[in-house]
Structure formats: structure tokens, C-alpha cells
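# Coordinate analysis (summary)
This is what each chain is made of:
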Amino acid sequence: MKTLFIAGISGSIGEQALEVLNTEWFKENVKLIGGSVYSNWNKLKIDIDKYKLKAVAIVNAQQNLPNDYNDCKIFQGEDSVEKAIQYCDSDISLIATSGFSGLKHTISAINFSERICLANKESIVCGGNYVLNLAKKFKKLIIPVDSEHSAIYQLLLGEVTIPEKIILTASGGSVRDIPIDSLENVTPKEVLNHPVWSMGARITVDSATMVNKGLEVFEAYHLFGVKNIDVLINRDSHVHSIVQFSDGVFKMHFGLPNMKVPIAFSISYPERKFNFNKPLLSNTKIEFQKVDYNRYPSLQLAFNILGNPILQNAFNAADEVAVESFLSGEIKFTDIYYIIYKTINKIQQEFSNSTGREFISLEEILEVDKISRTIAKQFILQSR
């Protein structure tokens, strides 16, 4: 039986992973032994009792929590997730924490787990090949959990030829049908109402701006070594990605949009052990639309900086800051792009002698992230 640690157990991916673990094959072959949350102790306590966990982490330290509960070790504080991962020493780690903070969790998982199921795209986006090189050095397996990258991973199994092009698909997000000149007035409530996927708040906003697709372009470039990447709109999200080969063959990954499918695949790989609904092909239309970059300028910006680790890092940091400000009502929806654009320009000036090269240490990655966030916050203050 394989042991599993879930970083971000109370989030959208973490919750769906638990649903997968409660199905027949997974109950018999995978044992959950640890997990982490940011602050939701009540949820964590339930998981400890139900799964008899070995160790857990709660990032937002709370004074009244014990060091142990029901024979489970409790770590608290900023580095608690890394400590819990080390303590559990599980066979598999699912990194489902959102945002830049997941980078450290991924690195810790590489040190202590044989397989990393990676749902935290920022680990690859912000560090360039740093994380992948580390995994390669220690001979650890990284399996992407993002539906698009899981799809590409599966499409390339058995292939010895590098694809000529990768085509990522996108739903278009929650405000895809609102006129462009009305986008500045959309509310957080409207943006968080995604037509297809059930996701966390930040990724849902990022889907609406297509910043998320930009991050996925970065991730695909590093994971699969292909820079010729395109994006097409597939409104019902049945086609998760496509690979194109030089002989004119296209392979596409088709299935109902549900994150439990790629989560389960990453855990049971190389086998498929999750049972899920099948679409009725005779009643299904497969349609694609070109991306309107006037509607999604952030995606065009992402293509402009593709392959530049420092600017990719800044892109993500500025977006995290901008999305938080949008959700709290400080800036308009359309301001998100301008904050990212201005931050990248500023970072390009400050790191003019370094942009374009790979990161060689975690400290470098953390420095660019910190500076980028400071710059983004300054631009937000100026926009008020």
C-alpha cells in the first residue's frame, strides 16, 4: 500500500482528492498519512480522526492547538508544511496548495517522496527548470495534475517523437460573453461564477483573465520542452489538450471536465483505477474558437515573455497581488492586466543583466517574487 501526503487538503483539489481516495481501489491501495491547511483546524481535525493521520501542518499558527492530537503530530507556522512532509516521509505527495507558497512544498516533497503529483503550477512557472532539475537529480517522478498538462502527459506516453506543437484548450472563463467594453465593471461575484469548472477563487479569476492559461503555457514549455504552443477556446472543456506532430497527426485528450480524473491518474499511474462518467460521443460536438487577445491581453503578454524565468516569476507574483486586490474591491477587473504589465516592465529594468537565464537557487526565486509583489502593490496604490 502506498502512503500519501496532501498539501492543501482543505482546498478544491484537496477535497476532490479525498473523494478519489474514498473510492474502492484507492481505499485498498493508498493510505493517507498527512496533510496541511492554511488555517482550517476544524477541517483538519475531522481528517485526522477519519484517516488516522501521522502528521499535519497548519500554516497560520493558533495558540490553543496542541502539539499532538489523536496520535497525530501537529506542526504550526510558516515552515510547518515542509516539516510535516519530512515527518511523514510518504511515498507520494500531492501538492495542492495554491500560489507561490507551494514552491517550497514541492521542493520538500522532492526530497522525501518518490512521486510528486503536482497541482501547484507556480512551482514550475516561477522557478523555470529549477524544480524539474532538482527532481531529475534525485530521480523523482513528477506527474502534473492540471487537467491540460495531465492530458499532454498522457498523450505523450509511448511517444519517442517530440510534438511539433502543443495546443492548450481554454473554456474562456466566466465573463467570456460579456462585451469587452463592459469588462471593467464586472464584479467579483460575476467573475467567480465559472460556467464549467469548480475551482478556487484565484484560479477562477485567472480563468476569466486567461492569466491561468498564460501560467499553463509557461508550465507546458518547461514540462515538455516545446516552445511552439497555441491556445484554442473549447467552451465545454471536453478537449483538455492537443499535441500536433510533423506528419500532420493531432492527438487530443477528450473527457468530461472533472479534476478528480487527473488527480486519480497521478496517484494510480501507470494504471487507470478511477471510474467516472463517459460522454456520449454521438451527441457531442467538438468545436474550437481562436482566442481574442483584445479580450485576453494577459495571455498575449504571457507569450511575449515565454521562456524568461524572471519575468514569468514576476507575472505570477503581480497576478496574485492583483487578484487579491480585485476580490477585495480595491481595483477593477481590467486593472489586473495593467498591474501585471507594469510590474513586468519594472522587473525587466531592475534585472536587465539577468533576465533570460535560469534560476540557480531557491533564494533567487524568492527574491524576484518578493520584489515583484512590492512593485505590484505600489502600482495598485497609485491606481486608487
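Now for a look at the structure at hand.

Rules used in this analysis
- For every chain, the first residue of the written sequence is number 1, and numbering continues from 1 onward in sequence order.
- Only residues with pLDDT of at least 70 get local features here, since the model is predicted, and only at 80 or more are side-chain atom pairs given and counted; chain-wide, interface and lining totals rely on the full set of residues.
- Excluding hydrogens and water, the side-chain values take into account all heavy atoms of the structure.
- By convention in these notes, a salt bridge is any Lys or Arg side-chain nitrogen within 4 Å of a carboxyl oxygen on Asp or Glu.
- Helical segments are the DSSP runs of H or I of at least four residues, strand segments are the runs of E of at least two, and each set is numbered from the N terminus.
- Think of it in three bands: with a 1.4 Å probe and only protein chains considered, a residue is buried below 20% of the maximum accessible area for its type, exposed above 50%, and partly exposed in between.
- Two strands form a pair only when DSSP identifies at least two bridges running between them.
- Contacts are assigned to residue pairs that have any heavy atoms within 4.5 Å of one another.
- Only the stretch in contact is used when a helix axis is fitted, and all axes are lines through C-alpha atoms; the angle between N-to-C directions ranges over 0 to 180 degrees.
- Patch construction takes residues with relative accessible area above 30% that form no salt bridge. Like charges are linked within 9 Å, and nonpolar side chains (Val, Leu, Ile, Met, Phe, Trp, Tyr) are linked within 5 Å.
- Accessibility throughout is a Shrake-Rupley quantity obtained with a 1.4 Å probe, and a residue counts as covered only by protein chains that appear here.
- For a helix, the expected span equals 1.5 Å multiplied by the number of residues minus one.
- The arc in question is traced by the directions running from the helix axis to the C-beta atoms.
- For Phe, Tyr and Trp, rings pair up if their centres lie within 6.5 Å, where Trp contributes its six-membered ring, and each pair is then called stacked (planes under 30 degrees apart), edge-to-face (over 60) or tilted (otherwise).
- Criterion for a charge above a ring: Lys NZ or Arg CZ within 6 Å of the ring centre, and within 35 degrees of the ring normal.

Applying the stated criterion across every chain, the model contains 16 salt bridges. For glutamate 320, the salt bridge goes to arginine 202, with nearest N and O atoms at 3.4 Å. Pair noted here: glutamate 320 is in helix α14 (residues 309–327) and arginine 202 is in helix α10 (residues 201–209), with a separation of 118 residues, a long-range link. Just as glutamate 320 is buried, arginine 202 falls in that class too. Between arginine 373 and aspartate 369 there is a salt bridge, and its shortest N-O distance comes to 2.8 Å. One end of the pair, arginine 373, and the other, aspartate 369, are both in helix α16 (residues 362–383), four residues apart, so they sit about a helical turn from each other. Each member of the pair, arginine 373 as well as aspartate 369, carries the same accessibility label: buried.

The strands making up a sheet are joined through hydrogen bonds of the backbone, oriented either antiparallel or parallel. Read from one edge of the open sheet, eight strands run β4-β5-β3-β2-β1-β6-β7-β8, paired in mixed fashion. The two strands at the open ends of the sheet, each matched to only one other strand, are β4 (68–69) and β8 (141–144). Alignment of strand β2 (residues 30–37) against strand β3 (residues 55–58), held across four bridges, turns out to be parallel. Bridge pairing in β3 places serine 36 opposite alanine 57. Strands β1 (2–7), β2 and β6 (92–95) of the sheet are contacted by helix α1 (residues 12–21), whose axis makes an angle of about 155° with β1. Here helix α12 (residues 260–268) sits on the sheet in contact with β1, β2, β6, β7 (115–118) and β8, set at roughly 170° to β7.

Turning next to a nonpolar patch on the surface. On the surface, Met252, Ile286 and Phe288 cluster together to form a nonpolar patch covering roughly 240 Å² of accessible area. Within the fold, isoleucine 286 resides in the loop between α12 and β13 (289–290). The partly exposed category is assigned to isoleucine 286, whose relative accessible area is 42%.

Taking 1.5 Å of rise per residue, the 16 residues of helix α15 (residues 335–350) would be expected to cover 22 Å, and the 23 Å separating its terminal C-alpha atoms lies within 8% of that figure. Taken together, the buried positions of α15 are Ile336, Tyr337, Ile339, Ile340, Thr343, Ile344 and Ile347. Along the axis of α15, the buried positions cluster into a sector of 160°, meaning they face one direction only. If you follow the buried residues of α15, they end up packed against α10, α11 (211–224), α13 (297–304), α14 and α16.

As a further point, take the packing of aromatic side chains. Centre-to-centre distance and the angle between the planes together describe a pair of aromatic rings. In the structure shown here, the tally under the stated rule is ten aromatic pairs. Ring plane angle 75° and centroid distance 5.8 Å describe the contact between tyrosine 153 and tyrosine 269, whose orientation is recorded as edge-to-face. Note that tyrosine 153 is positioned in helix α8 (residues 147–155) and tyrosine 269 in the loop between α12 and β13, a separation of 116 residues in sequence. Classification of tyrosine 153 as buried rests on a relative accessible area of 15%. On the basis of relative accessibility, which here comes to 21%, the residue tyrosine 269 falls in the partly exposed class. Relative to tyrosine 338, the ring of tyrosine 337 has its centre 5.2 Å away and its plane inclined at 65°; by these criteria the two rings are edge-to-face. Taken together, the aromatic side chains of Tyr153, Phe265 and Tyr269 make up a single cluster linked through ring pairs. Over the aromatic face of phenylalanine 75 sits the side chain of lysine 73, whose NZ or CZ is 5.7 Å from the ring centroid.

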